[in-house]
Amino acid sequence: MSIENISANRSFGGWHKQYLHDSQSLNCKMRFAIYLPPQASQMHKVPVLYWLSGLTCTDENFMQKAGALRIASKLGIAIVAPDTSPRGESIADDEAYDLGQGAGFYINATQAPWSRHYHMYDYVVEELPALIETTFPVTTQRAIAGHSMGGHGALMIALRNPASYVSASAFSPISNPSQCPWGQKAFETYLGKDRDSWRDYDSSELLKNADKPVPMLVDQGEADSFLVEQLKPETLEEAAKASNYPLQLRRHSGYDHSYYFIASFIEEHLRFHAQHLSQTCPN
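Residues numbered from 1 in each chain as written. Predicted model: local features only at pLDDT ≥ 70, side-chain atom pairs only at ≥ 80, totals over all residues. Heavy atoms only, no water.

Draft legend 1. Inspection of the overall build of the protein chain at higher detail. Secondary structure assignment for the protein chain yields 9 helices and 9 strands. The C-alpha atoms of the protein chain give a radius of gyration of 18 Å, which matches the 19 Å a tight globule of 283 residues would have. C-alpha extents for the protein chain along the principal axes are approximately 50 × 45 × 35 Å. When the 283 residues of the protein chain are sorted by exposure, 59% land in the buried category. Of all intrachain contacts in the protein chain linking residues separated by at least 6 positions in sequence, the fraction that spans at least 24 positions is 71%. Between the centroid of the 23 positive side chains of the protein chain and the centroid of its 31 negative side chains there is a distance of 6 Å. (Helix = DSSP H or I, 4+ residues; strand = E, 2+ residues; numbered from the N terminus. Rg over C-alpha atoms; globule rule 2.2 N^0.38 Å. Buried < 20%, exposed > 50% of the residue type's maximum accessible area, 1.4 Å probe, protein only. Contact = heavy atoms within 4.5 Å. Lys, Arg positive; Asp, Glu negative; His and termini not counted. Charge placed at Lys NZ, Arg CZ, Asp CG, Glu CD.)

Pasting the structure below:
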């Protein structure tokens, strides 16, 4: 599978690079970013944290705003950030910011016209890791994290694929998408009106029946304007308690939904993942 390098920037002794490639899952060209820490070489492969961004974001938001590269350099962790949806003139879209391009929700659409391109679940779970692991000096050990829509994606993907990820974390995730306006709009559009099919992509529903735990850390700002209507972290807590799942959910007074919040706690998230990656990866 050929990829095209479109940018490269030296950062904290490593490299931040952007690439384009032809995605079979999404039937379009896709862009992703990767940070390779200075420890990464053909003689020393490093584990990977996959970061999933939120509504309207691209691969660039996290890499430029979160302040994660400094600590990733110290810990020896690669970070991979895909785009949030397929994009292009021929790809279905919507005028609203919370549907269509920039709002893939990390699911596999089953409804036309979305089903032709919107298979972000397959892209993140299967195609992108296969590309990363055959192209770059990384191990097969993975952690996953995200913000808002991407927090929903990270938790949901880890819950559905517990053997593929050693840990998962999220900032301000859409915790119960089948019960909030953002999720209901996207799920009905992409998956249809059968709400039973929505449960496969709802972390609060998946937590109820999770049989193989993945350590999870969730941070939520109490001044988040989307907290009550869209995010609903209490549903995650209730499901985790009911199934005795290892979820650590922290609330932070005064913090909102922005990257100021993410930057404040990203080091703790990276160290959380490093702890679990070190249990499976040789130094």
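Draft legend 2. Layout of the sheet that holds strand β6 (residues 138-147). Spatial ordering of the open sheet is given by β1-β2-β3-β5-β4-β6-β7-β8-β9, a layout of 9 strands whose pairing is mixed. Each having just a single partner strand, β1 (3-11) and β9 (247-252) make up the two edges of the open sheet. Averaged over all pairs of adjacent strands, the angle between strand axes in this sheet comes to 20 degrees, irrespective of strand direction. Relative to strand β2 (residues 14-23), β1 runs antiparallel, the two being bridged by 8 bridges. (Pairing = 2+ DSSP bridges. Axes fitted to C-alpha atoms, helices over the stretch in contact; angles between N-to-C directions.)

Draft legend 3. Focus on the nonpolar core. F32, F105, I132, I144, I157 and Y190 are the most contacted members of the largest nonpolar core, which has 67 residues in total. Of the residues forming this core, the biggest block, 8 residues, is contributed by helix α3 (residues 120-135). Not counting residues within four places of it along the chain, the set of residues in contact with I144 comprises L49, Y50, L52, V124, A154, I157, A158, Y165, S167, A168, S169 and H273. (Core = buried A, V, L, I, M, F, W, Y, C linked by side-chain atoms within 4.5 Å.)

Draft legend 4. Looking closely at the environment of R195. Looking at where R195 falls in the secondary structure, it is placed in the loop between α5 (181-191) and α6 (203-208). Taking the relative accessible area as the measure of exposure, R195 reaches 43% and is therefore partly exposed. The spacing of R195 and A109 is 86 residues in sequence and 14 Å in space, taken between C-alpha atoms. Those residues in contact with R195 that lie beyond four places of it in its chain are S178 and Q184.

Draft legend 5. Here's a closer look at the side chain of H16. One can find H16 in strand β2. Setting aside its immediate chain neighbours within four residues, H16 contacts S7, A8, N9, A33, I34, Y35, M63 and L69.

Draft legend 6. Inspection of the packing of aromatic side chains at higher detail. One pass over the structure, following the stated rule, counts 17 aromatic pairs. With a centroid separation of 5.3 Å and an interplanar angle of 70 degrees, the aromatic rings of Y19 and F136 are classed as edge-to-face. With Y19 in strand β2 and F136 in the loop between α3 and β6, the pair connects residues that are 117 residues apart, well separated along the chain. Summarising the aromatic geometry, the rings of Y255 and F261 are spaced 5.6 Å apart at their centres and angled 40 degrees between planes, so their arrangement reads as tilted. (Phe/Tyr/Trp six-rings, centres within 6.5 Å; stacked < 30°, edge-to-face > 60°.)

Draft legend 7. Focus on helix α8 (residues 233-243). Those residues of α8 not exposed but buried are P233, T235, L236, A239 and A240. Angularly, the buried residues of α8 cover 155 degrees about the axis, an arc narrow enough to put them on a single face. Residues E238, K241 and A242 are exposed on α8 and point more than 90 degrees away from its buried face. Its buried side turned inward, α8 meets α4 (149-160), α6, β8 (216-221), α7 (227-231) and β9. Of the residues trailing α8, N244 is marked for its positive phi of about 55 degrees. (Arc of directions from axis to C-beta.)

Draft legend 8. Representation of the state of the cysteines in the model. Tallied over the entire structure, the rule returns 0 disulfides. Free of any disulfide, C28 has its nearest cysteine sulfur in C57, 18 Å distant. You can see C57 has no disulfide; the closest cysteine sulfur is in C180, sitting 17 Å from it. (Disulfide = S-S within 2.5 Å.)

Draft legend 9. Fine view of the packing of α3 against α4. For the pair α3 and α4, interaxial distance at closest approach is 11 Å and the crossing angle is 60 degrees. Taken together, α3 and α4 sit at an angle that is classed as oblique. Crossing of α3 over α4 shows right-handed handedness. Residue-level contacts link Y121, V124 and V125 of α3 to M156, I157 and R160 of α4. Among the residues forming the contact of α3 with α4, the class breakdown is 5 nonpolar, no polar and 1 charged. (Parallel < 35°, antiparallel > 145°, perpendicular 65-115°, else oblique. Left-handed = near helix turned anticlockwise from the far one by under 90°. Nonpolar A, V, L, I, M, F, W, Y, C, P; charged D, E, K, R; others polar.)

Draft legend 10. How the structure looks around unusual backbone geometry. A cis amide bond links A112 with the next residue in sequence, P113, at an omega value of 0 degrees. Following the sequence through the fold, P113 ends up in the loop between β5 (78-82) and α3. In the Ramachandran plot, F12 falls in the positive-phi region, its phi being about 50 degrees despite a non-glycine side chain. Within the secondary structure layout, F12 lies in the loop between β1 and β2. Accessibility expressed as a relative area gives 49% for F12, which makes it partly exposed.

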